Amino acid sequence: MAASRSPLSRLFTVLLAGLLAGLVLAVAALPGNLLLGVAARSALGSYASLPDALRTPATPQRSYLYANDGKTLITTFYDVNRTDVALEDIAPVMRQAIVAAEDRRFYDHGGADLRGLARALVANVKGGGTEQGGSTLTMQYVRNVLKTDPDRTAEERAAATDPTVGRKLQEIRYAGALEKSLGKDEILDRYLNIAYFGSGAYGIAAASQRYFGKVPARLTLAESALLAGLVQSPDAYSPIDGDRDAALARRSYVLDSMVATGAVTAAQAAQAKSEPLTLRPTAQPNGCTAVSQGHDDWGYFCDYLRRWWVTQPAFGATVAEREQALRSGGYTVITSLDPKVQATAQQQATKVYGYDNKRALPIAAVQPGTGRVLAMAVNRHYSLADNPAGQANYPNTVNPLISGGTSVDGYQAGSTFKLFTMLAALESGRTLSTGFDAPAKLPTRYPAEGPGSCDGRWCPANANPDWMDGYRMMWDGFGRSVNTYFVWLAEQVGQDKVVEMAQRLGITFRADSEAAFAKDNAANWGSFTLGVAATTPLDLANAYATVAAEGTYCTPLPVVSVTAADGEKVPVGEPSCKRVLEADVARAATDAARCPVGQQSPYGQCNGGTATGVDDILDGRPVAGKTGSSEQNSTETFVGFTPQVAVAGIAANPDDPADSVGSAVQSKVIDAVARVIATAVKGQPEKAFVAPSRELAGEPRRPVERAPVVPDRRPTQEDPRSALQRWLDRRG
């Protein structure tokens, strides 16, 4: 049976024996089908009158998450460890074994085997041994469906196993109706997929994996006999959790029964009995904290997928329903996770900082044109395990350090935000050749006090005046990361346009103060172009992926396909994309983004970059990108992209923004991100960036007037939060 058999109560046995006493004498003479017709014809219902659960069973099944190759298992989700499998995918000896063990006359009766039932009743009345139930496979199937039907109340499910005459007669009636409409093989398949085999395994697919680490099609005779023997008393007979000797004794009984039914010969049974019990217990992972051994880094991607899942109406009307669907819906999810890219990202993240370092390098990789997330890595174990005293988020955490959310707002990404200023300027009609004589310091209109001010105004500075100051256009302003050029450019365009551009490309302000500032006072967010707002590697990689896709923004997507238990595709795997930039504007920004990484614009205007080693790592393959250093080098960022992938990494201390990672780590971050890109494009055809139009490139020219220069040319950093903080202070 599909659960441990509670002995029939003596009262129930006597009552049912009395009810069927008139049939006992005729058992030996009449066929089972005729007996069923004589005894129960008036009680039989039609198939249409059966409960929905029996006609279209909705048994809970586990959902599988695979990597994008469709083979690499990430984890499973389940309340009940069960997966349905077709009868033809179950070894024939397993089918024969379950029939021999539980219902030898399965192919002869019409749902209720009155001969077997009467024999069980007589034996139970006489006593002197183990009580017998007399239930057929079909009756057992009915009982198991009704006691696990999620649409029934707890009381109704409990009533499915009540030791009462009424319940038994209802079971007989339902079994007869099923047999009128379903073939024997269909009933056997349904039974094998719902029976409980002990040790948490429901259904033959889960059982064969749990005990022998294999699919049911590969079960041997000895293995099949053992599993078939478990269903009578799964908890007692389980060789993992129960009594191995009892399991072997039960295996022998099943083998003898198979000889009696003609399924195997006596010699075959003897050989199977002589085989030692060789188990290969396989614990099925359940949830994101139980991902495949040695790959707990996959947990961050798994968690991102789970949080995405509960936002999808296709899986239910509420978050709770969607969560339940993941745990019991039997979905097969082919995710977007690329194992090779993930492995490189994890290797590079831990190469920069070890697992025991309080600083972290979260890395995200996104596919332009689809938004599919290829990798999410960080030097942390995705685990609920305790951390050493005084260590909040390392080496173990389940916080979304790569994607943001809950308690993670993100990290400052520094000059990578200059991309949004450049895009806003290009969209407004300015060209790549827009020139400005960039000073070492630039007085702005924003009030400020302290080290970053000039005569009471915010006064951003260039980090390396000797290399950055002077006449710049977008190409070399971006390549050399000239602060004063981009602050000036943002003032010309309008800070609100720059903020809006960032949001258009998917930058989310998770900190309440920054979200409020962006909503109510974006025009005065002078330092925004210097990357003072918190972001995440995933947001940043996807924003740059939008440029790589020539202006097509795609919502980040963690799946390739989702297939329901019935084989139907769920319409959630297709990319959700829209054009947010003119293609020529995106091409122009890409053209300037060739400068930082040591490559040359088709217009020949690159003359220096902050990440020139990337060109060597990519072996000359077309690539673009941008570095970013926040105030006092508290974070160091690099984001790079080709037409096929965008990757971002941000070195930071997730628990302490005041803990500066230092400028020395920037080269390591650049190297790490570049090597992830190299893995992602390996084996793919080389794709070139499309050059922007001459209209957006413009013509290089010298300025008519020089910008004002502040005498103090020391490379002091700006106070990027001063304008924001003053605004917050005014609001109380």
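**Q** Just to check I follow, could you spell out the overall build of the protein for this structure?
**A** Summing up its helical and strand segments, the protein has 30 helices and 21 strands in all. For the protein, buried positions account for 57% of its 732 residues. Carbon and sulfur atoms make up 49% of the accessible area of the protein, which totals about 28700 Å².

**Q** It is not clear to me how the pattern of salt bridges should be interpreted in this structure. Could you clarify?
**A** Side-chain pairs of opposite charge can arise where the charged atoms are in close proximity. Per the counting criterion, the structure on display carries 23 salt bridges. Residue Lys168 is joined to Glu171 by a salt bridge in which the shortest nitrogen-to-oxygen separation is 3.8 Å. Of the two residues, Lys168 and Glu171 are both situated in helix α9 (residues 165-181); the distance of three residues between them amounts to about one turn of the helix. Given the relative accessible area of 2%, Glu171 is considered buried. Residues Lys497 and Asp496 are paired through a salt bridge, measuring 3.9 Å at the closest nitrogen-oxygen approach. Using a relative accessible area of 45% as the deciding quantity, one classes Lys497 as partly exposed. Each of the salt bridges in this network shares a partner with another, and the network as a whole consists of Asp79, Asp303, Arg306, Arg307, Glu323 and Arg327.

**Q** Where do I start with the environment of Gly369 in this structure?
**A** Tracing the backbone through its elements, the reader meets Gly369 in the loop between β6 (363-366) and β7 (373-377). By relative accessible area, Gly369 is classed as partly exposed at 35%. Remark: the alpha-carbon pair of Gly369 and Thr555, spanning 186 residues in sequence, is separated by 9.7 Å. In this structure Gly369 touches Ala549, Cys554 and Cys577, once residues within four positions along its chain are discounted.

**Q** Help me out: how do you make sense of the packing of aromatic side chains in this one?
**A** A full pass over the atoms with the stated rule returns 22 aromatic pairs. Seen in terms of ring centroids, Tyr446 and Trp458 are 6.2 Å apart; in terms of plane orientation they differ by 55°. Their pairing is tilted. Of this pair, Tyr446 sits in the loop between β11 (436-438) and β12 (453-454) while Trp458 sits in strand β13 (residues 457-458), and the two are twelve residues apart along the sequence. Given a relative accessible area of 3%, Tyr446 falls into the buried group. The exposure class assigned to Trp458 is buried, which follows from its relative accessible area of 1%. Ring centres of Trp475 and Tyr603 lie 6.2 Å apart, and the angle between their planes is 40°; on these two criteria the pair is classed as tilted. With Trp475 in helix α21 (residues 474-479) and Tyr603 in the loop between α26 (583-593) and α27 (613-617), this residue pair connects regions lying 128 residues apart in the sequence. Trp475 gets classed as buried once you look at its relative accessible area, which sits at 1%. Above the face of the Phe106 ring, Lys184 is positioned so that its terminal group lies 4.6 Å from the ring centre.

**Q** Help me out: how do you make sense of the sheet that holds β6 in this one?
**A** Consider a sheet: its strands pair through backbone hydrogen bonds, and that pairing is either parallel or antiparallel. Strands sit in the order β7-β6-β21-β20-β19 across an open sheet of five strands; the sheet is antiparallel. In this open sheet, the two strands that pair with only one neighbour each are β7 and β19 (624-629). Averaged over all pairs of adjacent strands, the angle between strand axes in this sheet comes to 5°, irrespective of strand direction. Alignment of β6 against β7, held across four bridges, turns out to be antiparallel. Bridge pairing links Ile363 to Ala377 in β7. In the packing of helix α18 (residues 339-352) onto the sheet, contacts are made with β6 and β7, and the angle to β7 comes to roughly 25°.

Conventions used here
Just so you know, the residues in each chain are numbered from 1, in the order the chain's sequence is written. Local features in this predicted model are restricted to residues whose pLDDT is 70 or higher, and side-chain atom pairs enter the listing and the counts only when it is 80 or higher, whereas totals over whole chains, interfaces and linings include all residues. Only hydrogens and water are removed before side-chain values are computed, so all heavy atoms of the structure are retained for them. Strands are runs of DSSP state E lasting at least 2 residues, helices are runs of H or I lasting at least 4, and numbering of each runs from the N terminus. Each residue is assigned to one of three classes by its accessible area relative to the maximum for its type, calculated with a 1.4 Å probe on protein chains only: buried under 20%, partly exposed between the two thresholds, exposed over 50%. Every accessible area reported is derived by Shrake-Rupley at a probe size of 1.4 Å, with residue values counting cover from the shown protein chains alone. We define a salt bridge as a contact between a side-chain nitrogen of Lys or Arg and a carboxyl oxygen of Asp or Glu at a distance within 4 Å. By the convention used here, residues are in contact when the closest approach between their heavy atoms is within 4.5 Å. In summary, the pairing rule links any two rings of Phe, Tyr or Trp, Trp by its six-membered ring, whose centres are within 6.5 Å, and it sorts them by plane angle into stacked for under 30 degrees, edge-to-face for over 60 and tilted for everything else. The criterion is that NZ of a Lys, or CZ of an Arg, lies within 6 Å of the ring centre and within 35 degrees of the ring normal, and then a charge sits over that ring. The pairing criterion is simple: DSSP has to find at least two bridges between the two strands. Note on geometry: axes are lines fitted to C-alpha atoms, helical ones only across the stretch in contact, with angles between N-to-C directions running from 0 to 180 degrees.

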